[in-house]
Each structure stands twice: as structure tokens, then as C-alpha cells.
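# Residue-level structural notes
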Amino acid sequence: MIVVRTWAVALTGLSGQLIEVEADITQHKPDFRLIGMPDKALGEAVRRVTNACENTGLELPDRRLTVNLSPASLPKQGSGFDLAVALAAVATDGRLDPDSLVRTVHIGELGLDGRVRAVPGVLPAVLAAVGAGRTRVVVPEANRPEAELVAGAEVIGVRTLAEAARLHGAELDDPVLEGPPEVEPVADPVSGPEEQALDLADVVGQRDAVEALVIAAAGGHHLLMSGPPGAGKTMLARRLPGILPALDDEAALEVASVRSLSGESVRGLTRTPPFEAPHHSATLAALVGGGSRRATPGAIARASRGVLFIDEVAEAPRSLLDALRQPLENGSISIHRAGFVASFPAQFQLVLACNPCFCGEHGVLGGTCTCSPAEVRRYTGKISGPLLDRVDIDLRMRRVSRISDEGRGGLSSAEARARVVASRQIAAERLAGTPWRTNAQVPGTWLREGPRRLTGSARRTLDGALERGLVTLRAYDRVTRVAWTIADLAGRDEPNAHDVGRALFLKKGVSA
């Protein structure tokens, strides 16, 4: 007998690699061996495949059967190899067309009765298959909508092993399946109607804060909002995705791939940037992702191309906040485990919110703070200096003390988005020919020494703040980036002294 081959995909983070699944039988005592560095879940595929084949009417040959997953040196995780292993094993006695099998990538988990169950990560797996030149892909029917999002893929959805076998020439009927129907992955919460209904016009009496939010959106700047409870910090943060530019095809596909890898259902490409708001008591693994055998994305990766919001940040563990520093600088996050390194995108816009003290009344007009000065310093000091240095805008907020008779009717999300899109277009044209597209991405060296260096009169106030030690060199560069964004929103060719002074005030509360 010839060795039968088909294909599957191994995922490490969002990266996928084609795996050749080859099966062979020998004249030895009946046995079924799966080799090629499978993890525990994949190693258990032997029993799932055996029972599924028997209950489908595709009994395996009564000889020693060996299935190899190549390259053998690459660790492989999960149950998504079941379908490929089963079809390769069945084909060893000539019941399936080997030419059809070798042209097809198979992804799916098997139930003992022959069902093909949905698995996470189908979208990035199909992307990897098409990128490697394999366009014919068989996936579970529940995963078919997300697989069809990949351009150039011939996607075939199957519900049972028998249905998949018939694609390759088997002559058999579908068995009668009893029990509950296939459970689909959890629905994607990002595109829900509640998130889309949030409008910036709902924010009352915080005109300066709204304008600071627009500046943050226009330049992609990180934002810290501090103020008493009830000032509207969370309300503003939740409306930031609605004023960001719509995701392009590449970004939308990346967001959908991360959602798929997280086990969520992906029915289409959402154009609204994602919004993640992990609780301040979340574990480090929940924030950065992890897993001992299979790396799954955390809140940082799920927020990529969108907004990561951490409320009550002063109450979060220091280790949790320090974990943000490397992704903020690199735009990606890597999870190191024995045998593999999984990388996820982390191009998010960070929004932090905190109270002024433990009781939340420090410095509040009409409020009574019960915290001692030492307690106030200890509370605000929980946010590390290196993290604060990476924040572009430090916005101090107050409670609304007066409601206009006009009520709702401030800047709407649609109007703010139009300003943001126009500003980003100006920045993109200015940065044409460089690898950057937003002001927040421009490195400090280019800002200080490149062709767009600020004039001496424009940066005089900022230079003075640097000399007096009010800002670090990193903060100096961040103020300059914000100044460029303010100028772009105003339609000016370059920042003037007023733009730099306003950016300095937004960063340090220092007046020009």
C-alpha cells in the first residue's frame, strides 16, 4: 500500500503552518499509533477517530496503522487534527481517492458518533492554508461562515465524517445521529447593537474632555482620565471606538482572527474597532494571554486595532500594569512556553481611568475627603512612572456642575469621527514614504531631528519644561506628537506655540 497524505494546520498564536498528515499500514499486530509531537488533546484523537470511524461505517484496517504529523519537530496542540487523521487512516485500504485527499486541508474535531465539531482558530488556519498555496479546505459546518471570509479559499462545510468521506469518493450514507445538535461557538460581542448605539452626544457638560478624546482618537494617543466617581470617565472611554476610523480589510481580518482563536463565533468582518475592558482585578494571564499547552489571546491581543480600557487603574496590581509596557512599545506580545513561542498583535490604544484617592473625593468641590495626604500619595503612586511616561494625555476631570437647558446635542460620534478621519488623512499624507501612519507611531528621533522638526519659537515652552525637569525626554516626544495632532485637527501645516502649549498642558497640566 502507498502512504496516504492529506493536510491540516498547526497554529502558534495567529501564525499557522501546514502539517502533512500521512498514514500507512503494516503487516503487524493491529494497533493505531499517532506520532509527530502531539499534545495530550491530540494524542487522545486515536480513540475519537476509532469510535467515529466505526460508528460511521468506515472501520479502520485490521493491521498496524501509523499516522505521522510532519514536520515532527513542531509541537502540535488541540483537537482540530481529528478530521485529517481519520480520513488519512481510512484511505490506507483504498476506499478514498488519495489525489483528492492530498489536494485538501481538513480542520475539525470528531465526536464519537462521527459528528464534526467546531474548533477555535478556523479563520487564521484557513488564512495560513491559502497563504501556503492550499485553497481547498474542509471545515466544520459551524465554522464555515468565518472560513468563507478568506479570499481565494474553496470552503466546504461538513457536519459528519461520512459527509467528508463522500467528498473523496466513499460510498456510504450518513448515520442517523441522536442527541443535541452541534453547539456553535459563543457569539462575537463586539458587533452587538448596544455598542453601536453609544453616541458621544450623550456626554453632558464635559466639553474639554470630549475635545481631549477627539485628539486622542485623531492621533492614536494613549489617555489617562482621573477624576471623582460620576465624572463620566467610563462613559467617555466606551465611546472612543465609535469615533475611530473604520477598520480596513486587513485590520478587520486580524481582529476576526483573534476572536476566532478565542473561541468566539465569527459571522462577518466588523468594521468597528474592538473594545476590551478587563477588570482591574483580572489575572496576568487574562490580560496577556497564556495557557500551558495552547496559547490563547488575552485582553491585550483582543484589543488590538482598537481600545484597551482599564478602569480603577490605581487599584490594579503593579505586575498587571507593568505587563502593558512592552506591548505598548512593540505593538505585539509574545508568550513563551516550553517548545514554542506564540505571538499576538497588540496595536491597541490604551485608556486608563482612576479616582483621585481611595474615597474619590480629594479635590472635589463640595466633597469631603477622608484620606490623609500620605494615603492620597500612596493611592496615586500605584501607577508606575514608566507607565505614566507612555501616556500621551493626562486628563483631569471634574463632576458636571451645570446642565444646559439645551440638554443633549453636543458633538456627535459621527461629527467627531469625520474630524478624526480628516486629521488622520492629513497625517498619513505627511508621513507618506515612511512606515508610520499616525502621529502616535512616529519615533522621537524623527520628530526632533527629521525634516518636520518644530521651529524654535514653537518648542520654546517645551524646551523650558525639559530643562526644568518637568518632562522626561520620552514625555517631550509625546507632547510633540500630540501637538502635531492638534495642528492636524485645526488644519495647520505645522504646530505653533499655542499647539505645543496645549499639548504640554494635556500631558503634564503645565500651562504655557
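Source: prediction; values computed, not measured. Once a new chain begins, its residue numbering starts again from 1 and follows that chain's sequence as written. Local features in this predicted model are restricted to residues of pLDDT 70 or higher, and side-chain atom pairs are both shown and tallied only at a pLDDT of 80 or more, whereas totals for entire chains, interfaces and linings draw on every residue. With hydrogens and water excluded, all non-hydrogen atoms of the structure serve as input to the side-chain values.

### Quick word on helix α11 (residues 249–261)
- The helix and strand labels rest on DSSP assignments: H or I over at least four residues marks a helix, E over at least two residues marks a strand, and numbering proceeds from the N terminus. Multiplying one less than the number of residues by 1.5 Å gives the expected span of a helix. Compared with the 18 Å implied by 1.5 Å per residue over 13 residues, the 18 Å span of α11 between its first and last C-alpha is a close match.
- Exposure categories follow from relative accessible area, calculated using a 1.4 Å probe and restricted to protein chains: below 20% of the type maximum is buried, above 50% is exposed, and the middle band is partly exposed. Counting buried residues in α11 gives 11 out of 13 residues, a clear majority hidden from the surface.
- In the stretch just after α11, Gly263 is the one whose phi turns positive, near 90°.

### A word on helix α2 (residues 45–56)
- Under the 1.5 Å per step criterion, the end-to-end length of α2 is 16 Å for 12 residues, consistent within 8% with the ideal 16 Å.
- Of the residues making up α2, those classed as buried are Ala45, Val46, Arg48, Val49, Thr50, Ala52, Cys53 and Thr56.
- On its buried face, α2 sits against β3 (31–35), α1 (40–43), α3 (82–90), β6 (109–110) and α7 (161–166). Contacts between residues were defined by any pair of non-hydrogen atoms, one from each residue, lying within 4.5 Å.

### A closer look at the nonpolar core
- The criterion is simple. A nonpolar core is a set of buried Ala, Val, Leu, Ile, Met, Phe, Trp, Tyr and Cys residues joined through side-chain atoms within 4.5 Å. Among the nonpolar cores identified, the biggest contains 55 residues, and Ile107, Ile300, Leu324 and Phe348 are the most heavily contacted of them.
- The element that contributes the greatest number of residues to this core is helix α5 (residues 122–131), accounting for 6 residues.
- The domain limits used here are those given by an automatic or database domain assignment. Looking at this core, you find at least three residues from each of domain 1 (4–167) and domain 2 (200–399 + 408–436).
- Not counting chain neighbours up to four residues away, the residues in contact with Ile107 comprise Gly80, Leu83, Val119, Val122, Ala125, Val126, Val137, Val138, Val139 and Pro140.
- Of all hydrophobic cores here, the second largest spans 51 residues; its members include Val442, Tyr476, Trp484 and Leu504.

### Thoughts on the domain arrangement of the chain
- Here the chain is described as being made up of domain 1 (4–167), domain 2 (200–399 + 408–436) and domain 3 (442–511).
- Relative to domain 2, the C-alpha centre of domain 1 lies at a distance of 40 Å.
- Taken together, the 18 residues of domain 1 in the interface contact 21 residues of domain 2.
- Here the quantity called buried area is the total loss of accessible area, with a 1.4 Å probe, experienced by two parts when brought into contact, counted for both. Both faces considered, domain 1 and domain 2 share a buried interface measuring about 1,600 Å² in area, 68% of it formed by carbon and sulfur atoms.
- Put simply, a salt bridge is a Lys or Arg side-chain nitrogen that is within 4 Å of an Asp or Glu carboxyl oxygen. At the boundary of domain 1 with domain 2, the tally comes to 0 salt bridges.
- Pairs of N or O atoms within 3.5 Å make up the polar contacts considered here, provided that, within protein, one atom can donate a hydrogen while the other can accept it, and that residues adjacent in sequence are counted only when both atoms are side-chain atoms. One can count 5 residue pairs in polar contact (both at pLDDT 80 or more) joining domain 1 with domain 2.
- The set of elements that each furnish at least two residues to the side of domain 1 that touches domain 2 consists of β1 (4–12), α5 and α6 (144–147).
- All amino acids are sorted into three groups, where Ala, Val, Leu, Ile, Met, Phe, Trp, Tyr, Cys and Pro are nonpolar, Asp, Glu, Lys and Arg are charged, and the leftover types, Gly among them, are polar. Residue composition of the side of domain 1 that touches domain 2, grouped by class: 11 nonpolar, 4 polar and 3 charged.

### Details of the pairing of strand β8 (residues 136–140)
- Among the 5 residues in β8, 5 count as buried, and that is most of the element.
- Pairing geometry for strand β5 (residues 104–106) and β8, over 3 bridges, is parallel. For His106, the partnering residue across the bridge sits in β8 and is Val138.
- Pairs of strands are assigned from DSSP output, requiring at least two bridges between the strands. With 5 bridges connecting them, β8 and strand β9 (residues 154–158) associate as parallel partners. Looking at β9, one finds that Pro140 is bridged to Val158.

### Things to note about the sheet that holds strand β13 (residues 275–276)
- Ordered in space as β13-β16-β19-β11-β20, the 5 strands form an open sheet in which the pairing is parallel. With one partner strand each, in any of the chains shown, β13 and β20 (393–396) form the two edges of the open sheet.
- Two elements, strand β11 (residues 223–226) and strand β19 (residues 349–354), share 4 bridges in a ladder whose sense is parallel. Looking at β19, one finds that Met225 is bridged to Ala353.

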